[in-house]
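Summary of the model geometry
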There are 2 protein chains.
Amino acid sequence: MLRPTLRRLLPSWRRPARIVAVAFALAISAGTVLLLLPMATEGGESVDFVSALFTATSAVCVTGLVVVDTPTHWSTFGEVVILGLIQVGGLGIMTIASLLGLLVSRRLGLRLQLTAQAETKALDLGDVRRVVAGVVLVSLAFEAVTSAVLATRLATGYGYDTGRAIYHGVFHAVSAFNNAGFALYPDSLVRFATDAWVCLPIAIAVLAGGLGFPVWVEIWRHRRGRHRWSMHAKITVITTSALLAIGTLVITVAEWNNPETLGRFGVGGKLLAGFFSGVMPRTAGFNSVDVGQLESGTLLVNDVLMFIGGGSAGTAGGIKVTTFALLAFVILAEVRGEPTVHVLGRKLPATAQRQALTVALLSVGAVVAGTLVLLTLTPFRMEAVLFEVISAFGTVGLSTGITADVTTWGHLVLTVLMFLGRVGPITLASALALRERSRRYELPEERPIVG
Amino acid sequence: MLRPTLRRLLPSWRRPARIVAVAFALAISAGTVLLLLPMATEGGESVDFVSALFTATSAVCVTGLVVVDTPTHWSTFGEVVILGLIQVGGLGIMTIASLLGLLVSRRLGLRLQLTAQAETKALDLGDVRRVVAGVVLVSLAFEAVTSAVLATRLATGYGYDTGRAIYHGVFHAVSAFNNAGFALYPDSLVRFATDAWVCLPIAIAVLAGGLGFPVWVEIWRHRRGRHRWSMHAKITVITTSALLAIGTLVITVAEWNNPETLGRFGVGGKLLAGFFSGVMPRTAGFNSVDVGQLESGTLLVNDVLMFIGGGSAGTAGGIKVTTFALLAFVILAEVRGEPTVHVLGRKLPATAQRQALTVALLSVGAVVAGTLVLLTLTPFRMEAVLFEVISAFGTVGLSTGITADVTTWGHLVLTVLMFLGRVGPITLASALALRERSRRYELPEERPIVG
Ligand SMILES: [K+]
Ligand SMILES: [K+]
């Protein structure tokens with residue numbers, strides 16, 4: 001008898017949005033089972049359940065936090081499972097998020113045109129095929145090129161034999177493009193901190209994956225001459241560039257003389273590692289300097305960048321750069337006393353403003369709640385705990401080094417945060433947008449993807 | 001030649017809103033000069049300029065953070081100056097904020113009625129007189145009753161002579177009602193932690209001052225029988241009660257066995273000190289347990305409560321409970337898929353939503369920026385620095401004990417944060433509301449005060 005009341009109180013999630021959560025839960029379950037196999041570990045002994053669940057969640061949600069050292073703990077089979085989970089998670093989030101974005105813009109588009117065919121709101125098989133094909137093509141192309149450069153460099157510069165060079169090249173290329181941050185070295189990429197042939201291809205793959213598939217489609221469509229970019233693509237590219245510049249600048253300046261991080265490199269090395277450290281919070285999770293040795297201020301800047309994250313319908317996490325930018329535009333309009341919010345020459349619908357607000361503030365709530373629980377469970381400083389929680393929720397994967405030591409309950413909390421951070425913003429934003437009731441529209445409007 | 005461009009880019013603050021900033025700057029200047037006098041200190045030697053500026057700002061903005069111990073450093077003259085600044089600051093913020101609230105609701109009201117007398121938007125002298133008289137009356141009444149109870153208790157329970165009992169009673173009553181948090185004891189009120197005759201009158205005065213003058217007016221007007229409360233009063237009372245209950249519960253439970261805080265008291269003492277600690281973050285700043293010894297989780301809960309603060313147009317700081325509640329209602333409506341935001345049976349104008357968003361997010365920005373600067377300037381942990389910054393911005397006055405040691409630059413940063421936190425939200429919210437351009441209204445609407 002409680003059901004009708006409950007249904008009225010709780011959000012009535014629509015199926016298209018819920019699909020993300022279900023798909024990710026299934027992939028994580030399958031990954032957990034595979035990683036529990038004895039053959040998945042180097043020693044041939046089964047790992048405990050929570051470690052397997054944590055690792056599978058971290059891989060499928062392309063987070064990159066680890067409770068056991070990837071190369072020493074997992075066998076080659078285990079590493080390939082992780083690689084597969086990363087690829088499935090990355091392709092999955094790009095495909096589903098792109099389809100949801102298409103569905104949202106099509107429904108709202110239909111409503112604007114006031115056509116009678118409102119029944120044909122759904123996506124057909126052709127849409128799905130085109131999106132899947134596009135996502136797979138872009139992913140494989142980027143991963144192939146990045147793999148080739150990395151393998152060549154590892155073979156020629158570090159004396160890896162061909163097989164090992166290709167394996168390491170592919171693993172880190174896939175991990176980079178999917179913003180996963182898993183590495184086959186206990187120190188992540190610290191040993192390559194001053195090697196531009198390793199760091200730059202990885203940084204470029206990270207940025208490419210983090211832009212999001214819809215932006216790639218536009219870049220491809222408009223490759224000849226001048227064209228009109230969508231609000232979504234413009235915001236994503238501009239905000240990503242701005243945050244990248246700010247992050248690189250702040251981190252490089254703040255750490256310039258820190259002997260534990262940039263201080264031990266020459267000027268070229270400082271600039272390279274500073275740039276690399278500016279790219280990784282959006283939200284790749286590799287590190288070429290020891291995150292635990294960063295200045296407190298640098299950690300806070302990282303917190304902010306990790307929370308914002310990357311582009312929608314890409315492999316990056318966080319609340320997404322569009323969500324952040326929309327809120328900035330709303331504040332700017334309000335402070336300037338403008339009755340409507342204009343973004344780059346277009347009017348921003350009030351519903352998009354409310355959706356951005358909802359995604360951002362519920363995310364703040366999740367981070368605060370996660371920090372509170374983890375502070376209570378562990379003896380670590382707030383600085384480290386907040387960083388860890390934002391890293392998990394933003395599916396970033398950077399850590400000050402406490403991940404393995406936050407206790408089993410802490411691992412479960414981080415697992416939940418990784419899952420929520422991966423499927424939460426996209427599910428929430430699409431569910432909200434798909435449920436919008438008809439409203440009057442006075443002006444042509446345009447909708448960027450929120451979340 | 002830059003002026004027209006600047007004017008277009010910068011917010012065009014209207015006079016009524018700007019008055020807060022100017023009035024507070026003047027009061028702080030006068031207070032700084034008085035506290036610089038040699039006779040203001042116990043030893044008869046002039047204090048340094050930044051300490052005087054910090055103390056005057058802390059008093060006028062009713063914050064309560066101190067860089068020097070109030071009873072040992074300042075002479076009785078100095079203490080009376082501080083008391084005067086608190087009273088001026090408290091009366092000032094209540095008067096100005098109430099008048100701005102009146103102005104906002106009257107202008108918007110006129111627009112709704114579509115009368116031809118749109119020119120009579122301004123407040124007349126009668127309004128000002130009524131508000132000033134009301135604010136002074138409520139303040140003095142509360143302060144008198146609280147003083148009497150405290151003085152009686154100090155004289156009978158602690159053997160103070162009559163003069164000293166009255167002086168201490170008045171000082172702490174004024175400090176409490178104005179949510180200032182200045183105390184005449186080096187340990188704030190720790191020595192009275194289990195004395196209900198001291199703690200409860202102070203807690204009640206704090207809550208009363210923090211409700212805000214507009215709520216008191218309604219309580220007075222509707223004192224007989226049933227009546228319709230305004231949305232503003234309902235939200236303020238409900239949210240204040242809810243946050244008070246949550247804060248008390250969380251702090252009491254989290255600290256129950258902490259030997260440095262509640263652990264050393266009996267059950268009655270634990271409950272009293274827990275309740276007191278639940279009241280003080282909204283935003284009084286007294287403490288009856290050592291804040292520096294609180295659990296990390298308790299500090300974070302305090303951070304959240306201090307950031308939210310108390311009621312509008314009262315003596316409390318923070319972004320205000322209405323701002324917080326409005327955002328919660330917006331999120332609730334969005335998650336439930338409702339096209340308009342309904343609050344307690346009324347429609348919430350979109351402009352109020354945007355104003356709440358602007359106040360809250362700019363405040364988050366101020367706190368993050370302040371934390372970043374203070375982390376860079378000082379060697380303290382993020383936990384302590386974040387707490388200090390929110391305490392300053394929320395005009396709370398609680399501290400983990402680092403206030404005196406954050407260096408002179410740190411003191412200037414905190415001074416700016418106290419000033420911004422006091423005048424920022426109210427100035428911003430009124431300026432935004434007063435500048436609203438005409439919009440169509442479909443339904444009867446109602447506007448709570450934001451900020
Ligand atoms: K990641
Ligand atoms: K205070």
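Structural data are supplied above this passage.
The structure contained in this document is the topic of the report that follows. (Residues numbered from 1 in each chain as written. Chains lettered and ligands numbered in written order. Predicted model: local features only at pLDDT ≥ 70, side-chain atom pairs only at ≥ 80, totals over all residues. Heavy atoms only, no water.)

**Some points on helix H16 (residues 407–434) of chain B**
Residue and element names in this part refer to chain B. Compared with an ideal rise of 1.5 Å per residue, which puts 28 residues at 40 Å, H16 spans 40 Å between its outermost C-alpha atoms and is within 8% of the ideal. Remark: the principal bend of H16, roughly 40 degrees, maps to Gly424, with a proline, Pro425, within the next four residues. Most of H16 sits inside the fold, with 20 of its 28 residues counted as buried. (Helix = DSSP H or I, 4+ residues; strand = E, 2+ residues; numbered from the N terminus. Expected span 1.5 Å × (residues − 1). Bend = angle between axes of the 7 residues up to and from the residue. Buried < 20%, exposed > 50% of the residue type's maximum accessible area, 1.4 Å probe, protein only.)

**Let's talk about the relation of the copies chain A and chain B**
Mapping one chain copy onto the other needs a rotation about an axis and a shift along that axis. At an RMSD of 0.0 Å, chain A and chain B line up after a rotation of 180 degrees and a shift of 0.1 Å along the axis. Taken together, the turn and the small shift mark the pair as related by a two-fold rotation axis. Most of the interface of chain A is mirrored in chain B, where 100% of its interface residues are also at the interface. (Least-squares fit on C-alpha atoms with pLDDT ≥ 70 in both. Contact = heavy atoms within 4.5 Å.)

**As for the interface of chain A and chain B**
At the junction of the two partners, chain A supplies 43 residues and chain B supplies 43 residues. Counting each side, the surface lost to burial between chain A and chain B is near 3900 Å², with a carbon and sulfur contribution of 66%. Together, Glu334, Arg354 and Met382 of chain A form the three largest contributors to the area buried by chain A at its contact with chain B, with a combined 19%. At the surface where chain A touches chain B, the tally comes to 3 residue pairs in polar contact (both at pLDDT 80 or more). Within the residue set of the side of chain A that touches chain B, elements represented by two or more residues are helix H1 (3–9), helix H12 (296–308), helix H13 (321–335), helix H14 (350–377), helix H15 (382–393) and helix H16 (407–434) of chain A. Counted by class, the side of chain A that touches chain B contains 22 nonpolar, 9 polar and 12 charged residues. (Buried area = accessible area lost by both parts, 1.4 Å probe. Polar contact = N/O pair within 3.5 Å; in protein donor to acceptor, adjacent residues only side chain to side chain. Nonpolar A, V, L, I, M, F, W, Y, C, P; charged D, E, K, R; others polar.)

**Remarks on unusual backbone geometry**
Phi is positive for Val62 of chain A, which is not a glycine, with a value near 45 degrees. Mapped onto the elements, Val62 of chain A comes out in the loop between helix H3 (49–60) and helix H4 (70–73).

**Points about the packing of helix H6 (residues 125–158) of chain B against helix H8 (residues 196–211) of chain B**
Residues and elements named next belong to chain B. Where H6 meets H8, the axes come as close as 9 Å, and the angle between the chain directions of the two elements is 170 degrees. Relative to H8, the element H6 is oriented roughly antiparallel. When H6 is examined against H8, the residues Phe142, Thr146, Val149, Leu150 and Arg153 are found in contact with a partner set consisting of Trp197, Val198, Pro201, Ile202, Ala205 and Ala208. Among the residues forming the contact of H6 with H8, the class breakdown is 9 nonpolar, 1 polar and 1 charged. (Axes fitted to C-alpha atoms, helices over the stretch in contact; angles between N-to-C directions. Parallel < 35°, antiparallel > 145°, perpendicular 65-115°, else oblique.)

**Here we look at the coordination of the potassium ion (ligand 1)**
Residues and elements named next belong to chain A. Looking at the metal site, the potassium ion (ligand 1) is ligated by Val62 (O), Thr63 (O), Asn179 (O), Thr283 (O), Ala284 (O), Thr395 (O) and Val396 (O), spaced 2.4 to 3.0 Å from it. Taken in chain order, the donor set of the potassium ion (ligand 1) reads V-T-x115-N-x103-T-A-x110-T-V. On the criterion of sequence distance, the pair formed by Ala284 in the loop between helix H11 (267–279) and H12 and Thr395 in the loop between H15 and H16 is long-range, its members being 111 residues apart. Under the relative-accessibility criterion, Ala284 is labelled buried at 0%. On the basis of relative accessibility, which here comes to 0%, the residue Thr395 falls in the buried class. (Donors = N, O, S within 2.8 Å, 3.2 Å for Na, K, Ca; no water.)

**Some remarks on the coordination of the potassium ion (ligand 2)**
All names here are of chain B. Protein coordination at the potassium ion (ligand 2): the donors are Val62 (O), Thr63 (O), Asn179 (O), Thr283 (O), Ala284 (O), Thr395 (O) and Val396 (O), at 2.4 to 3.0 Å from the metal. The sequence pattern describing where the donors of the potassium ion (ligand 2) fall on their chain is V-T-x115-N-x103-T-A-x110-T-V. In this pair, Val62 is assigned in the loop between helix H3 (49–60) and helix H4 (70–73) and Ala284 in the loop between helix H11 (267–279) and helix H12 (296–308), connecting sequence segments 222 residues apart. Both residues of the pair, Val62 and Ala284, belong to the buried class.

**Here we look at H13 of chain A**
Under the 1.5 Å per step criterion, the end-to-end length of H13 of chain A is 21 Å for 15 residues, consistent within 8% with the ideal 21 Å. Buried residues dominate H13 of chain A, accounting for 11 of its 15 residues. Within the span of H13 of chain A, buried status applies to Val321, Thr322, Thr323, Ala325, Leu326, Leu327, Val330, Ile331, Ala333, Glu334 and Val335 of chain A. In this fold, the buried residues of H13 of chain A make contact with helix H10 (231–255), H12 and H14 of chain A together with helix H14 (350–377) and H16 of chain B.

**Concerning the packing of aromatic side chains**
Residues and elements named next belong to chain A. Within the structure shown, the criterion is met by 10 aromatic pairs over all chains. Each member of the aromatic cluster is reached from another via a ring pair, and the members are Phe142, Phe177 and Trp216. One Lys or Arg, Arg164, reaches over the ring of Tyr160 and ends 4.1 Å from the middle of that ring. (Phe/Tyr/Trp six-rings, centres within 6.5 Å; stacked < 30°, edge-to-face > 60°. Lys NZ or Arg CZ within 6 Å of the ring centre and 35° of its normal.)

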